[in-house]
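Given next are the chains, with one letter for each unit.
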Amino acid sequence: TEAITDQVTAVRSSGVPFARVLDAYMEEPPFIADWKNLTDSPNVVVVPFFISDALHSYQDIPVLLGIETEPTAAASQREVFRQNPHRFGDRTLYYSSAIGTDPSLADVIVDQVSYFDEHYRS
């Protein structure tokens, strides 16, 4: 969870005007399933903190968010990330694919390798 809280802190201090930036988890508090109680913002964006999309992001999290009623093998085939937005009364939820699927992640990896090479190469 330290990596997640570090990212939350970084986003909060970025100067981008989000109403709130929160961390939530599948199996420990604060729970992602409680998103409706964690914020009263009318627009909520959920970005899974995974290196890639897999069962959690395709099946488990959509159920926890209320997007799906049960996990199904077909969730990935229905392109859960392209069904945005999701309406819950007067609130709107947007569900993103995992953070690791962003093309700029490759730049982060290259930067880390360069840093390692510069500081630790024998």
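Further remarks concern the sheet that holds strand S2 (residues 86–88). Taken in spatial order, the three strands line up as S1-S3-S2 in an open sheet, and their pairing is mixed. The open sheet has two edge strands, strand S1 (43–46) and S2, and neither has a second partner. Direction aside, the axes of adjacent strands within the sheet are offset by 25° on average. Direction of pairing for S2 relative to strand S3 (residues 91–95): antiparallel, over a ladder of three bridges.

Glancing now at unusual backbone geometry. In this structure, Pro30 follows Pro29 across a cis peptide bond, with omega equal to -10°. On the secondary structure map, Pro30 appears in the loop between helix H1 (2–12) and helix H2 (35–38). The linkage connecting Asn84 with the following residue, Pro85, adopts the cis geometry, with an omega of -5°. With respect to the secondary-structure elements, Pro85 resides in the loop between helix H3 (55–65) and S2.

The rules we used
- Residues numbered from 1 in each chain as written.
- Predicted model: local features only at pLDDT ≥ 70, side-chain atom pairs only at ≥ 80, totals over all residues.
- Heavy atoms only, no water.
- Pairing = 2+ DSSP bridges.
- Helix = DSSP H or I, 4+ residues; strand = E, 2+ residues; numbered from the N terminus.
- Axes fitted to C-alpha atoms, helices over the stretch in contact; angles between N-to-C directions.

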